[in-house]
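Here are the chains, one letter per residue:
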Amino acid sequence: MKAIVLSGVGRVEIREVPRPSIQAADDVLLRTAVAGLCGSDLHYYIADRVGGEAVPYPVIGGHEVSALVEAVGSAVTRMRPGDRVAVEPSISCGTCDQCRAGRPHTCRSIKFLGHPGDKDGGLAEFVVLPERNLLPIPDAMTMTEAMMAEPLSIALHALRLGGANPGPAIAVLGTGPIGLCVVLCLQAAGVRDIYVTDKSEARAQAALKAGAAWSGNPDRQDVVREILDRRPLGMDAVYEVSGDPAAVEQAIQLIKPGGRITLIGIPLEERIAYPTAVARRKEIAFYNVRRQNRCLERALLLIEGKHIDVSWLVSHAFAPDEAPHAFKVVAERRDGVLKAAVDFSL
Ligand SMILES: [Zn+2]
Ligand SMILES: [Zn+2]
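This write-up is about the structure you can find in this document. (Residues numbered from 1 in each chain as written. Chains lettered and ligands numbered in written order. Predicted model: local features only at pLDDT ≥ 70, side-chain atom pairs only at ≥ 80, totals over all residues. Heavy atoms only, no water.)

Here we look at the coordination of the zinc ion (ligand 2)
Argument step 1. On the protein side, the zinc ion (ligand 2) has Cys 93 (SG), Cys 96 (SG), Cys 99 (SG) and Cys 107 (SG) as donor atoms, found 2.3 to 2.4 Å from it.
Argument step 2. The coordination sphere of the zinc ion (ligand 2) comprises 4 donor atoms, whose angles at the metal cover 104 to 116°; the geometry is tetrahedral.
Argument step 3. Linear spacing of the donor residues for the zinc ion (ligand 2) on their chain is C-x2-C-x2-C-x7-C.
Argument step 4. Look at Cys 96 and you get buried, because its relative accessible area is 11%. (Donors = N, O, S within 2.8 Å, 3.2 Å for Na, K, Ca; no water. Tetrahedral: all angles 85-135°; square planar, octahedral: opposite > 155°, others 65-115°. Buried < 20%, exposed > 50% of the residue type's maximum accessible area, 1.4 Å probe, protein only.)

Some remarks on the coordination of the zinc ion (ligand 1)
Argument step 1. Those donors, Cys 38 (SG), His 63 (NE2) and Glu 64 (OE), are the protein atoms that reach the zinc ion (ligand 1), and they lie 2.1 to 2.6 Å from it.
Argument step 2. Donor residues for the zinc ion (ligand 1), ordered by position in the chain, follow C-x24-H-E.

Looking at helix α7 (residues 245-254)
Argument step 1. Of the positions making up α7, those classed as buried are Ala 247, Val 248, Gln 250, Ala 251, Ile 252 and Leu 254.
Argument step 2. Between a side-chain oxygen at the N-terminus of α7 and the backbone nitrogen of Ala 246 the separation is 2.9 Å; the capping residue is Asp 244. (Helix = DSSP H or I, 4+ residues; strand = E, 2+ residues; numbered from the N terminus. Polar contact = N/O pair within 3.5 Å; in protein donor to acceptor, adjacent residues only side chain to side chain.)

Points about the packing of aromatic side chains
Argument step 1. With the rule as written, the count across this model stands at 3 aromatic pairs.
Argument step 2. Between the aromatic rings of Tyr 274 and Phe 286, the centroid separation amounts to 5.3 Å while the plane-to-plane angle is 55°, which identifies the pairing as tilted. Highlighted residues: Tyr 274 in the loop between β16 (255-263) and α8 (276-281) and Phe 286 in strand β17 (residues 285-288), separated in sequence by 12 residues.
Argument step 3. Note on Tyr 274: relative accessible area 39%, which makes it partly exposed.
Argument step 4. Here Arg 19 stacks its cationic end above the ring of Phe 126, 3.9 Å away from the centre of that ring.
Argument step 5. Over the ring of Phe 112 we find Arg 291; its NZ or CZ atom is 3.6 Å from the centre of that ring. (Phe/Tyr/Trp six-rings, centres within 6.5 Å; stacked < 30°, edge-to-face > 60°. Lys NZ or Arg CZ within 6 Å of the ring centre and 35° of its normal.)

What follows is the structure in structure tokens.
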């Protein structure tokens, strides 16, 4: 089968690799329909170290996947060949302390689709996953929408940590695809006073379209002062989605005393520093987000019910052979790209 292989920093190759096969009785062989390019896939393209660990190239990434069932194992009961599915990319054991505590996303022996060293990802024609990782999608849902349920689920999980009942003024720092999903979720939850920042004009415009009331560019203006001019008491919640250490500091300046800062962005740096005195005096709570915990089904329901429209976030669709170009476009944020995806039907 054809696979999109990261062979080193800045190197993307289309390779012929063996097709994965059904091993366990509950395995399902899937034919990939659409695979999104995520910021984490980009990390392995931009840097050969992530989170303090060396990237074990070659890597087949891709965990934002919609697919068609091609074949099923002998114990599979819910799926049939031809079924259209959304994919939960995280395979947890179900028996460790974390799984038993309702935290399968921090499972002690977690395997994540497209995570180097765990399992080859969906940036390939075929992938095998257990039946329990697949959610059927309705006929009316597009494969692109089904793929977007995964990034949307990250935003839903973050909102659950950052406050299910958010206050009237909220900042979202960084409006790439996940930041935009956070804005869409806040908007759907009835929050109207949403302040966003991003260094890309296309992303700032998209955030306003998604429902933000104000957007600013930290390269060109003092975003903290401008937001606090409008809201002198500060933000009730701040979502940091850029991974930029400067934004973490901005979040600390923006948040109200007693407020929550939810860290979703993945910094390239292994360590970041922040002003402890301000954080302590305000008694700020920091929530770190690890992917998501069982939010995929809700994401699909919100998309299906047209409560949240994610389809327009996919600004660029590429054929598999165009993948080297696709990575470049996303890494360099060319052509006003928001979310890029590889569409295996192209
Ligand atoms: Zn992702
Ligand atoms: Zn577990």
